[in-house]
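Structure at a glance
Each chain, letter by letter, is given below.
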Amino acid sequence: MNQEKPDYRDTLCLPKTSFPMKADLAKKELEILNFWNEKQIYKKMTEKNSGRDSFILHDGPPYANGNIHIGHALNKILKDIIVKSKNMLGFESRFIPGWDCHGLPIELQVDKALANKKRGISKIEFRKECREYARKYVNIQSDEFRRLGVLGEWENPYLTMSPVYEAGIVGEFLKMAEKGYVYRRKKPVYWCIHCETALAEAEVEYDEHSSPSIYVAFPYLEAGKSIPELKNKNTSIVIWTTTPWTIPANLAIALHPDLEYSAVETEKGGRVIILAKELIERVMKELSAEKYEIIASFSGKKLAGTEEHAKHPIYERDSKLVLAGYVSKEDGTGCVHTAPGHGEDDYKTGRAYNLEILSPVDSRGRFTQEAPFFEGENVFKANQKVIEKLKETGALLKESSITHSYPHCWRCKKPVIFRATEQWFISVEKENLREKSLREIEKVNWIPPWGRNRIEGMMKSRPDWCISRQRAWGVPIIAIYCAKCETPVPFSTILKSKEKLLSKFAKNGTDAWFELQPEEILPVNTICQKCGNPAFKKEEDILDVWFDSGVSHAVVLENTPGLRWPADLYLEGSDQHRGWFHTSLLHSTATRGSAPYTSVLTHGFTVDGNGKKMSKSLGNVIAPQEVIKKHGAEILRLWVSAEDYRDDVRISDEIIVRLVEAYRKIRNTLRFLIANIYDFDVEKEYVKKDNLLEIDRFILHRLQELTETVTKAYTNYLFHEVYHLVYNFCVVDLSSFYLDILKDRMYTFRNNSLERKSGQTVFSIILEAITKLIAPVLSFTAEEIWQSIPYKKGAESVFLANLPEVDKKYIDTELAKRWNKLLDIRKVVLKGLEIKRKEQFIGSALEACVEIEATGDIKDILAQYADYLPTIFIVSETKLTPVAENESLKDESIPGLKIKITRASGRKCERCWNYKTDVGKNPEHPSLCSRCVEAIS
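Let us look at the structure shown here. (Residues numbered from 1 in each chain as written. Predicted model: local features only at pLDDT ≥ 70, side-chain atom pairs only at ≥ 80, totals over all residues. Heavy atoms only, no water.)

Topic: the overall build of the protein
- Within the protein, the secondary structure is distributed over 31 helices and 31 strands.
- On C-alpha atoms alone, the protein measures out to a radius of gyration of 38 Å, which is more than a quarter above the 30 Å that the 2.2 N^0.38 rule sets for 937 residues.
- By principal-axis analysis of the C-alpha atoms, the protein measures approximately 125 × 75 × 50 Å.
- Across the 937 residues of the protein, 57% fall into the buried class.
- Pairs at least 24 apart in sequence give 78% of the contacts found in the protein among residues at least 6 apart.
- Accessible surface computed for the protein: about 41400 Å², of which carbon and sulfur atoms make up 47%. (Helix = DSSP H or I, 4+ residues; strand = E, 2+ residues; numbered from the N terminus. Rg over C-alpha atoms; globule rule 2.2 N^0.38 Å. Buried < 20%, exposed > 50% of the residue type's maximum accessible area, 1.4 Å probe, protein only. Contact = heavy atoms within 4.5 Å. Areas by Shrake-Rupley, 256 points an atom, 1.4 Å probe, with all protein chains shown as cover.)

Re the sheet that holds strand 10 (residues 271-276)
- Read from one edge of the open sheet, six strands run 11-9-10-7-6-15, paired in mixed fashion. Of all strands in the sheet, those with a lone pairing partner are strand 11 (293-299) and strand 15 (396-409), marking the two edges. On average, each strand axis in the sheet is tilted by 25° relative to the strand beside it, whichever way the strands run.
- As judged from the four bridges shared by strand 7 (residues 234-241) and strand 10, these two strands associate in the parallel manner. Residue Ile-237 lies in a different strand from strand 10, and its bridge partner there is Ile-274.
- Each of strand 6 (204-219) and strand 15 is contacted by helix 11 (residues 379-393), which is oriented at about 160° to strand 15, the strand it contacts most. (Pairing = 2+ DSSP bridges. Axes fitted to C-alpha atoms, helices over the stretch in contact; angles between N-to-C directions.)

A few points about the sheet that holds strand 28 (residues 877-881)
- Read across the sheet, three strands follow the order 28-27-29 without closing on themselves; strand pairing throughout is mixed. Among the strands making up the open sheet, the edge pair consists of strand 28 and strand 29 (897-903). Averaged over neighbouring strand pairs, the angle between their axes works out to 20° when direction is ignored.
- Looking at chain direction, strand 27 (residues 848-854) and strand 28 are connected through five bridges and run parallel.

As for the packing of aromatic side chains
- Within this structure, the stated rule accounts for 35 aromatic pairs.
- Look at Tyr-158 and Tyr-165: their rings are 5.8 Å apart centre to centre, the planes differ by 10°, and that puts the pair in the stacked class.
- Residue classification places Tyr-158 among the buried residues on the basis of a relative accessible area of 5%.
- Measuring from ring centre to ring centre gives 5.9 Å for Phe-367 and Phe-374, while their planes differ by 45°; the resulting arrangement is tilted. (Phe/Tyr/Trp six-rings, centres within 6.5 Å; stacked < 30°, edge-to-face > 60°.)

Some thoughts on the state of the cysteines
- Within the structure shown, the criterion is met by zero disulfides.
- Here Cys-195 stays unpaired: no disulfide links it, and the sulfur of Cys-192, its closest cysteine neighbor, is 3.6 Å away.
- Take Cys-195: its relative accessible area is 3%, and that puts it in the buried class.
- For Cys-932, which is in no disulfide, the shortest distance to another cysteine sulfur is to Cys-909 and amounts to 3.7 Å.
- For Cys-932, a relative accessible area of 0% translates into the label buried. (Disulfide = S-S within 2.5 Å.)

Looking at unusual backbone geometry
- In the segment running from Ile-447 into Pro-448, the intervening peptide bond is cis, with an omega of -5°.
- Here Pro-448 shows up in the loop between strand 17 (445-447) and helix 13 (450-461).
- Backbone geometry at Ser-288 places phi at a positive 60°, although glycine is not the residue there.
- On the secondary structure map, Ser-288 appears in the loop between helix 8 (280-286) and strand 11.
- Backbone geometry places Gln-840, a non-glycine residue, at a positive phi of 65°.

As for the side chain of His-209
- Structurally, His-209 is set in strand 6.
- Among the residues examined, His-209 registers a relative accessible area of 19% and is labelled buried.
- Discounting chain neighbours no more than four positions away, the residues touching His-209 are Ile-402, Thr-403, His-404, Tyr-406, His-408 and Pro-415.

So, the pattern of salt bridges
- For the structure shown, the criterion picks out 61 salt bridges.
- Lys-79 serves as the salt-bridge partner of Asp-59, at 2.4 Å between the closest nitrogen and oxygen. With Asp-59 in the loop between strand 1 (57-58) and helix 3 (70-88) and Lys-79 in helix 3, the pair connects residues that are 20 residues apart, well separated along the chain.
- For Lys-79, a relative accessible area of 0% gives the class buried.
- Taking the shortest distance from any N to any O, the salt bridge between Arg-702 and Glu-705 comes out at 2.5 Å. Separated by three residues within a single helix, Arg-702 and Glu-705 lie in helix 24 (residues 694-715), roughly one turn from each other.
- Counted as one network, the salt bridges with shared partners bring together Asp-59, Lys-76, Lys-79 and Glu-572. (Salt bridge = Lys/Arg side-chain N within 4 Å of Asp/Glu carboxyl O.)

Notes on the environment of Thr-510
- With respect to the helices and strands, the residue Thr-510 is situated in the loop between helix 15 (498-508) and helix 16 (511-515).
- Through-space distance from the C-alpha of Thr-510 to that of Val-182 is 20 Å; in sequence the pair is 328 residues apart.
- When neighbours within four sequence positions are excluded, Thr-510 is seen to be in contact with Arg-127, Glu-166, Val-170, Gly-474, Val-475, Pro-476 and Phe-505.

Let's talk about helix 3
- Compared with the 27 Å implied by 1.5 Å per residue over 19 residues, the 27 Å span of helix 3 between its first and last C-alpha is a close match.
- Of all 19 residues in helix 3, 19 are buried, a share of seventy percent or more.
- Downstream of helix 3 by one or two residues, Gly-90 has phi in the positive range, about 100°. (Expected span 1.5 Å × (residues − 1).)

A closer look at the nonpolar core
- Ranked by size, the top nonpolar core spans 155 residues in total, and within it Trp-639, Tyr-738, Ile-766 and Ile-770 carry the most contacts.
- With 16 residues, the single largest contributor to this core is helix 25 (residues 719-748).
- What Ile-770 contacts, discounting residues up to four positions off in sequence, is Leu-670, Leu-706, Val-726, Phe-729, Cys-730 and Leu-734.
- Counting residues in each nonpolar core, the second largest holds 69 residues, with Ala-223, Ile-247, Leu-358 and Leu-396 among its members. (Core = buried A, V, L, I, M, F, W, Y, C linked by side-chain atoms within 4.5 Å.)

As for the side chain of Glu-539
- For Glu-539, the location among the structural elements is in the loop between strand 21 (536-538) and strand 22 (542-543).
- The charged side chain of Glu-539 is buried without a salt bridge, its nearest counter-charge being Arg-184 at 4.4 Å.
- There is a polar contact of 2.8 Å between the side chain of Glu-539 and the side chain of Trp-424.
- Contact partners of Glu-539, with chain neighbours within four places excluded, come to Arg-184, Trp-424, Ile-477, Ala-479, Tyr-481 and Trp-513. (Lys, Arg positive; Asp, Glu negative; His and termini not counted. Polar contact = N/O pair within 3.5 Å; in protein donor to acceptor, adjacent residues only side chain to side chain.)

A closer look at the environment of Ile-426
- Relative to the helices and strands, Ile-426 resides in strand 16 (residues 417-426).
- For Ile-426, a relative accessible area of 2% puts it in the buried group.
- Taking the C-alpha atoms as reference points, Ile-426 and Ala-177, separated by 249 residues in sequence, lie 8.6 Å from one another.
- Those residues within four positions of Ile-426 in sequence are excluded, and the remaining contacts are Met-176, Tyr-181, Val-182, Tyr-183, Asp-464, Trp-465, Ile-467 and Phe-547.

Pasting the structure below:
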């Protein structure tokens, strides 16, 4: 009769946990969100550090238009990581989200929705529709941001359309007006002919555009008066331009005072053209003029220092010769076509020479009657008609095309023009605002450092800030004009009603402006200072939305309990150097004398796996909603941490798949820790340092190193280092080394043995530390782990705990040196075992005996750990073999080491699977080794 083989599985201490191996994040995350909400974890997290040093990250407002995209996810997750890590570092750090709610894109969407109904509604009703549209997307985006695991004051955000915020915008506008920064003038500004509004620098983006390229001769009939050699010559001054449509507005030709010019005769007795001497060869090649002769040379100062004029090539008017320092010899002809109504430099030159600011183009980009031959034509379509007219007059010397970087509207993506209109501006020259802002830039900590150069270059070259927009949805410009002569009422007069206006706006919003009569605003008996007229009208233009967001530092930080000015950090994409960072700096420097932030962090744009810009037409768009639905928001959070945000951030299906696998490894490593402390009583069974096994003390030393480097990475905003450090610790230090070795001890030793309790003590320390360290990034998983730890913790949520601090008692550099040597030896042994496994000499490593020959330091350390080597190598047996005298060991990667893999002696223990010579010596348990017999006794 066969005796039944005993089953020892029930005697093993196998892992037990309800923490699932499969995350099922899409479902589990919703439960955790509910937990955070019901338990008010954000509120408790910020209150925990109340009264301590604060850290203020000021949220730059996204636009309330459409669902969030992957760039939004990157931005908000980065902010969330910072706010959580700061709170867990002991700072009081609140997060108040905000939204930009005014502006053109919302108007266009409401226009589209209203269709023909728009004609029958008032401005107030239209603004109400815009407000409802913005509110709809504030709610949608709020839900989507929360779904990412971002904690914040979602029930109390700042909205630029709220009455209190609108009153704040008006207050800050009037503050700048009072200081003299605000003025109105006819001046060329970026103008979108499709959106029919002025644009600021921040609302213009550059893209490739094909334009005509023409050389035009302006007749210079009186050249002989200044240059005797040109007497009775058919002389012209040659300009080059890529905007033929601006020729009708030409009033001057600019020359550089110190540049040398030459008169070039292109054929005997023929046309003579004037251009910069250094550019003659290039231009002659462009004009296909093989034979030419220089007949005179002179300075620009001599030529333009007279009252002479060239003639306009189309119209019967003069084109004045003027001097300008910006004229370059790098391209063109050195003679610059100047239309003061269609360019910033042209405008400045025009003012210097008292030229008319001529701009014969209407708001839709069509020529007016001031441009004969072209009236009613779209300026871009008119390019060819202008060229034809120049041919007709004999002024066109060369026509071609050029592809170049050209300004486009940031909203409709169409090319824009420079057009002079009456607009409101903030002067960057007043009180040296530009220079003051540049000095403030030097004081700010720019992360990464190149951000400073970027914003500095933009600040140095920026024109005055055009703040007026010809739209309806926004905060009105608080200005009043004479109804007769349109002279603006001085701001000093309007400021007398400042408090009354602000009170009304704070209560009812700026819709009230459109309902008020000028007489209700101005002091009694006010009359126009210019013409004495007592009747007035209000400004209908609205403020640039960049002004709305640019004053958020004042409206939010200075008026919200628990916040302060300035912010410690602004964090946005690199496009905001010309946007929010820029406008906030200008306003703050003008009104507060310094920058509104002490540090500015910039992240790159999101691109596909090949580094290409995402677009629906290319089919490479990754929507955060789809990633969440399939993999959970946690994978997006891991992606944000894994990538170096300082460059453009890549994302693709392949990248997501790799991150899912990385997440699985981290999760299962931590699951193993949880599963092996199910019977650990942390209060009664905690093993003190001196009683821990040496390998346990070594891994705790490594944990302190991890804690220090990860904490430093959070402090320095190097989140990709957080990811790599934690991932490597989990996969290399724990899974491939420590936990691999500890399995035997945790499973087969007696459940209450010192060895097992030592391991459980370390498991609990590591588990709590890593859970806290990953919490700012893997927030859902950290919370799930925290709630799954089987013993009582000191905090209700992982976010109510602090990041772990380095515990100096576990730092042991001498111990680490020894174990790092052992790890090097272990790598060699594992490589040898793998070779033998592939050769099918062994199946499991426990079938092996490692025979080792060693010399020098290697021999000493192996002798010191001789009894523990089988455990370190996870084999059944090791033998240290003497080395023959004077023998040199060189056949391994470590000098002084030689290994040989043989079969382990003895029989396999049915419980621990080690091969031992003492298996069978216990008659009661003949299939067990003596260690296992003792464990089950």
